[in-house]
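So the chains spell out like this:
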Amino acid sequence: MDLPVFHLDFLGNRFLIAMIAVLHVIINHAMAVGAIPLIALMEWWGKKTGERRWDDLAYQILTVCFVITTTFGALTGVGIWFSTSLVNPYAIGSMIRVFFWAWFAEWIIFVSEVVLILLYYLLWKRWQGEWKRYHIALGGVLALTSWLTMAIIVAILGYMMDVGNWTHEKSIATAILNPIYLPQLAFRTPLAMMTAGFFSLFLTYFFTRKEDPFQSAAARWISLWSLGWAPLCLAGGIWYWKAVPDSMVGNLAVALGTQAFEGRYNVILDILLVSFLLALVTLLWSAVKPSRMPRFVLIIPFAVAIVSLGYFERVREFIRKPYVISGYMYANGIRVDDYPLLNQNGVLPYALYADAKEVTEENHLQAGKEVFLIACTRCHTTNGVNGILARLETMYGSDRWDRDTVLMYLKGMHNVRPYMPPFPGNNAELGALVDYLFSLRAYPAPIKGAQTADGSSIRAEKTYDDNTRG
Amino acid sequence: MESLSTLPIPKDIPLPLPVESYNLQISIIFLFLLHILFVNLMVGGSLFVVVLEWMGIQKPAYDRLARRIAETITVNKSLAVVLGVGPLLVINVLYTIHFYTANALTGVAWLMVVPVVAIAFLLGYAHKYTWDRLAHQKGLHIAIGAGAALLFLIVPLIFLANINLMLFPSRWTQVGGWVSALAIPNVIPRYLHFLLGSVAVAGLFFAGYFTVREFPEDQIDQLLDRPKVRQMFYSIALAATAANFLAGPLLLFTLPAEGLSWKLAGIISCGVVLAFIVILILWKEIIVPQQTSATRFYWMAALLTGTVVLMATGRHVYRESAISQHRLAMAGETLAYTSMVGIANWRISQGLEMEEGGGARSPGEKVFDNVCAVCHALDKRLVGPPLTEIAQTYPNDVAGIIKWVKNPGRKRADYPQMPAITLTESQHQAVAQYILDLVSGKGQEEEKEGE
């Protein structure tokens with residue numbers, strides 16, 4: 001409430017972050033964390049067997065990884081930071097204070113990772129013969145740093161889902177050793193290795209020719225790599241799955257609505273299992289009979305990997321709700337501790353850039369809009385992704401909109417829909433919010449965020465009331 | 001400085017700084033310099049590449065020179081990005097609210113940094129790796145390089161607008177969007193100062209680079225032998241540094257008065273003196289190229305580093321004094337707020353806040369009010385059917401209601417789905433009983449709304 005509110009009213013703020021984050025995770029897992037050890041191993045295998053073409057293939061795969069990770073990979077990583085600090089500045093600001101040293105260490109390792117990949121790639125052709133050994137070792141060190149950057153970030157992600165003891169004992173050690181950390185790491189590591197195999201397999205069919213027996217040999221080799229990681233991936237996945245709902249149930253003050261999540265879990269679980277099996281079958285096929293493998297089939301495991309990584313991130317995001325930092329801060333950026341005060345006095349008196357400081361007869365629509373911006377826009381838009389009008393329409397059709405009914409709903413929405421935080425303001429503000437939602441229905445004007453010329457801070461257009469009444 | 005009472009005074013994040021503020025301040029100066037060095041080489045280098053490749057159409061030697069420089073960009077650009085993350089982290093901690101305010105106000109441009117830089121990098125790779133293939137389509141090839149350079153020129157302007165806006169709370173209520181943030185008078189002079197600095201630093205770097213490095217297989221050209229290349233880059237560095245003697249004062253005069261001080265003036269003057277010595281040495285190198293010496297190159301590099309360190313320190317001193325008053329006011333605001341929060345929580349823990357509606361409710365009523373009432377009313381349709389209808393469907397059938405609530409089916413076509421609701425067994429029992437009682441009139445006196 002101390003910052004101008006950045007808001008994308010069509011795409012939605014959550015969607016923005018999700019888009020960048022999923023892209024980053026895919027690149028990071030399939031082309032860095034998992035790919036580098038695979039490439040280094042392939043290079044070593046080439047040296048051991050004396051077959052020049054392993055080396056060539058490894059270099060070609062690395063070229064693709066290098067180009068993508070040093071552009072979109074690195075930049076989407078920065079992008080996650082940029083977008084979360086626009087959308088959830090209070091959360092990211094708090095976490096940077098808690099995790100400063102972890103983040104600092106992450107940065108140092110990130111610098112080493114970049115330096116190492118530059119060396120590894122640019123020196124490939126130069127460090128031959130005698131030097132090959134050192135080059136392979138360089139690949140090994142690079143693989144380790146890539147994994148370490150992931151290992152640190154996972155600690156932070158785990159913390160966002162379950163802060164463990166941190167609420168009582170605010171130290172970085174308790175924050176890092178949150179209950180989800182190890183299971184998540186145990187799942188992500190083999191997952192990254194497997195997806196890197198899918199990706200490399202896909203590339204192999206482009207870099208080698210069908211008539212060439214080497215293609216089959218390479219395909220078999222890479223498929224075995226992925227198959228080898230599959231059991232670990234499954235085991236890690238189960239461990240992770242077990243760790244998640246428990247801590248969630250523990251964190252929800254009211255043990256309500258877990259059913260709603262279970263419904264989702266099962267669907268996602270089924271989809272994941274089926275695609276996992278599908279990917280395994282493809283792998284077996286390409287390990288046993290690589291020469292019979294049509295190229296397009298390789299799209300399947302690769303696509304499965306992308307979709308399941310995307311799903312995984314989505315689930316991870318979703319089960320954290322209503323919190324952005326579990327038990328400490330809600331997704332609207334308001335701390336759990338702030339609620340008693342805000343419920344009593346309202347959010348507007350503490351909202352720095354709000355025009356309306358108190359709900360009155362004249363300003364109630366403006367006030368309601370500002371309350372909406374503060375309390376709902378981190379997850380809802382007016383009419384775009386997860387648009388509030390469409391949500392209300394689902395519940396009340398087109399004819400059953402009734403002020404008291406909606407008011408009643410919003411008052412208890414956290415009980416019924418536990419993924420939403422409770423309404424943070426006081427009763428007058430709740431009334432103003434409902435008035436605003438009704439006016440929005442009559443005149444669905446999009447809300448402009450602080451980043452636009454006429455929306456600067458959350459001072460809204462003065463003519464708003466006139467518009468809705470006219 | 002504008003009176004504090006007219007400025008927006010936000011509250012800070014109520015968590016302590018993880019490190020002494022003083023240490024953070026020292027580290028930001030140095031981390032930032034490391035970053036800006038590679039940014040300079042990236043920006044200056046890609047400008048050189050475009051111009052030299054274009055000159056290479058007439059004289060092929062320039063083309064080869066351009067290619068050598070383009071190769072350095074692969075490394076410099078990656079280091080520029082990764083070394084930017086460190087200072088960004090420190091800024092996030094040290095200026096949390098100031099920085100995020102500026103970010104939000106220029107949000108779209110701020111996000112655009114990500115795709116713009118990624119595309120610039122891709123163009124850079126395309127440019128580097130198609131040098132031979134597009135040898136006969138020079139126009140296209142130069143255009144690719146120019147595209148990358150142009151994008152590299154935009155990005156600093158976005159960062160600058162942010163880091164500048166963050167210092168001036170008096171502007172926060174006026175700015176909306178990047179373009180309006182650029183309108184603060186010192187932004188453009190600051191950008192100019194930075195660009196000239198980039199050209200100077202890159203000029204000096206490449207003068208050294210082509211002196212130190214061996215290129216056995218291809219002497220760049222007889223036309224363009226080493227001393228000539230060196231002299232050319234020295235001249236560029238000289239011209240850019242000299243031009244900054246104009247851009248610098250322009251920047252100083254357009255700076256809002258908030259953070260100006262004698263300390264600042266002292267630091268900047270020292271930097272200017274060092275820069276002036278660099279200019280003298282450069283001049284000497286250019287007019288008598290035969291007497292060139294490596295020692296002198298290192299001297300210049302050291303002196304210029306000194307200038308840059310002093311300028312960066314000056315900048316930081318300005319920044320700190322520009323917002324010091326504001327920060328103090330923020331600390332006061334934060335303290336006041338957290339103590340109010342503390343009191344409100346204490347009242348709750350002491351049971352001083354009565355639950356709304358009084359405490360005399362039965363368990364069944366509580367569950368109903370908190371959960372079911374959101375969607376059900378006595379005798380009218382809300383989201384779900386009225387209780388009267390429910391009581392008809394389940395006359396005296398507590399078990400039936402419980403069964404439904406635990407696992408609702410899909411019954412009425414024009415109603416949405418009811419979510420399954422998990423309660424304790426006794427709560428289930430109580431709420432179902434409460435509903436039936438309410439309808440049959442036993443709970444008459446407690447009946448509210450719905451008429």
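Undergrad: Summarise the overall build of chain A; cite the residues concerned and give the values.
TA: Along its length, chain A carries 18 helices and two strands. By the burial criterion, 62% of the 470 residues in chain A qualify as buried. In chain A, 75% of the contacts between residues at least 6 apart in sequence involve partners at least 24 apart. Accessible surface for chain A amounts to roughly 18300 Å². Of this, 66% is attributable to carbon and sulfur atoms.

Undergrad: Lay out the packing of aromatic side chains in plain terms, naming residues and giving numbers.
TA: Within this structure, the stated rule accounts for 43 aromatic pairs over all chains. Members of the aromatic cluster, each reached through a chain of ring pairs, are Tyr59, Phe66, Tyr120, Tyr121 and Trp124 of chain A together with Tyr125 and Tyr129 of chain B. The ring of Trp401 of chain A carries Arg441 of chain A above its face, with NZ or CZ at 4.1 Å from the centroid.

Undergrad: Tell me about a nonpolar patch on the surface, and please be specific about residues and values.
TA: Residue and element names in this part refer to chain B. Together, Phe245, Val272, Phe276 and Leu280 give the surface a local cluster of nonpolar side chains, amounting to about 340 Å² of exposed area. For the nonpolar patch, the element with the most residues is helix α9 (residues 262–287), which contributes three residues. The residue Leu280 is located in helix α9 in this model. With a relative accessible area of 49%, Leu280 lands in the partly exposed category.

Undergrad: Give me the lowdown on the domain arrangement of chain B, citing residues and values where you can.
TA: Residue and element names in this part refer to chain B. Taken domain by domain, chain B consists of domain 1 (7–171), domain 2 (185–322) and domain 3 (327–450). Between domain 1 and domain 3, a total of about 760 Å² is buried, with carbon and sulfur atoms accounting for 72% of that surface. Ranking the residues of domain 1 by area buried against domain 3 places Ile9, Lys11 and His98 at the top, with a combined share of 56%. The interface formed by domain 1 and domain 3 contains zero salt bridges. Summed over the shared surface of domain 1 and domain 3, the number is two residue pairs in polar contact (both at pLDDT 80 or more). In the side of domain 1 that touches domain 3, the residues fall into six nonpolar, one polar and two charged.

Undergrad: Could you give me a rundown of empty space enclosed by the protein, with the residues and numbers involved?
TA: Enumeration over the complete set of coordinates arrives at twelve cavities of 30 Å³ or more. Estimated volume of the largest cavity: approximately 480 Å³. Lining of the largest cavity is provided by 37 residues; of these, Met1, Asp2, Leu3, Tyr90 and Gly333 of chain A occupy positions nearest its centre. Taken together, the elements giving at least two residues each to the lining of the largest cavity come down to α3 (52–87), α4 (89–98) and α13 (364–375) of chain A together with α3 (96–105) and α10 (294–349) of chain B. Among the elements that line the lining of the largest cavity, the one with the most residues is α3 of chain B, at four residues. Partitioning the lining of the largest cavity into residue classes produces 24 nonpolar, seven polar and six charged.

Undergrad: So, the nonpolar core: which residues are in play, and what are the values?
TA: Ile39 of chain A together with Leu52, Phe99 and Phe233 of chain B are the most contacted members of the largest nonpolar core, which totals 209 residues. Ranked by residues supplied to this core, first place goes to helix α2 (residues 60–94) of chain B with 18 residues. Counting 48 residues, the second-largest nonpolar core is a separate cluster that includes Tyr339, Val371, Tyr396 and Leu433 of chain A.

Undergrad: Can you lay out the interface of chain B and chain A for me, pointing to particular residues and giving the numbers?
TA: At the interface, 82 residues of chain B touch 78 residues of chain A. Buried area between chain B and chain A, both sides added, is near 6800 Å², and the carbon and sulfur share of it is 72%. Considering only the surface of chain B that becomes buried against chain A, Leu15, Leu89 and Tyr100 of chain B emerge as the three largest contributors, covering 10% of it. The interface formed by chain B and chain A contains three salt bridges. Its salt-bridge partner being Lys11 of chain B, residue Asp2 of chain A comes within 3.0 Å of it at the nearest N-O pair. Taken together, the connections running from chain B to chain A amount to twelve residue pairs in polar contact (both at pLDDT 80 or more). Taken together, the elements giving at least two residues each to the side of chain B that touches chain A come down to α1 (21–55), α2, α3, α4 (107–129) and α10 of chain B. In terms of residues, the side of chain B that touches chain A owes the most to one element, α2 of chain B, which gives 15 residues.

Undergrad: Describe the pattern of salt bridges, naming the residues involved and giving the relevant values.
TA: All names here are of chain A. Following the criterion strictly, the structure yields 19 salt bridges over all chains and no others. Here Lys132 and Glu43 are joined by a salt bridge, their closest N and O atoms 2.7 Å apart. Of this pair, Lys132 sits in helix α6 (residues 132–161) while Glu43 sits in helix α2 (residues 35–49), and the two are 89 residues apart along the sequence. The exposure classification of Lys132 matches that of Glu43, with both residues buried.

Undergrad: Can you tell me about helix α13 (residues 398–406) of chain B, naming the residues and giving the values?
TA: Working note: α-helix, 3.6 residues per turn, so residues spaced by three or four point in the same direction. Within α13 of chain B, the full set of buried residues consists of Val398, Gly400, Ile401, Ile402 and Val405 of chain B. Looking at the packing, one finds that the buried side of α13 of chain B touches α12 (387–393) and α14 (425–440) of chain B.

Undergrad: How would you summarise the domain arrangement of chain A if you had to cite specific residues and measurements?
TA: Note: interface size is frequently given as the accessible area lost on complex formation between the parts. Residue and element names in this part refer to chain A. According to the domain assignment, chain A contains domain 1 (13–330) and domain 2 (336–469). Facing the 18 residues of domain 1 at the interface are twelve residues of domain 2. Between domain 1 and domain 2 the total buried area reaches about 1300 Å² when both faces are included, carbon and sulfur atoms providing 63% of it. It is Asn13, Arg14 and Tyr330 that lose the most area in domain 1 upon contact with domain 2, and together they represent 36% of the buried surface on that side. Linking domain 1 to domain 2 there are three residue pairs in polar contact (both at pLDDT 80 or more).

About the criteria used
- Residues numbered from 1 in each chain as written.
- Chains lettered and ligands numbered in written order.
- Predicted model: local features only at pLDDT ≥ 70, side-chain atom pairs only at ≥ 80, totals over all residues.
- Heavy atoms only, no water.
- Helix = DSSP H or I, 4+ residues; strand = E, 2+ residues; numbered from the N terminus.
- Buried < 20%, exposed > 50% of the residue type's maximum accessible area, 1.4 Å probe, protein only.
- Contact = heavy atoms within 4.5 Å.
- Areas by Shrake-Rupley, 256 points an atom, 1.4 Å probe, with all protein chains shown as cover.
- Phe/Tyr/Trp six-rings, centres within 6.5 Å; stacked < 30°, edge-to-face > 60°.
- Lys NZ or Arg CZ within 6 Å of the ring centre and 35° of its normal.
- Patch = residues over 30% accessible without salt bridge, like charges linked within 9 Å, V, L, I, M, F, W, Y side chains within 5 Å.
- Salt bridge = Lys/Arg side-chain N within 4 Å of Asp/Glu carboxyl O.
- Domains from an automatic or database assignment.
- Buried area = accessible area lost by both parts, 1.4 Å probe.
- Polar contact = N/O pair within 3.5 Å; in protein donor to acceptor, adjacent residues only side chain to side chain.
- Nonpolar A, V, L, I, M, F, W, Y, C, P; charged D, E, K, R; others polar.
- 1 Å grid on protein atoms, 1.4 Å probe; cavity = no way out; pocket = protein on both sides within 12 Å on 5 of 7 lines; lining within 4 Å.
- Points joined across faces, edges and corners; volume = space filled by probe spheres on them.
- Core = buried A, V, L, I, M, F, W, Y, C linked by side-chain atoms within 4.5 Å.

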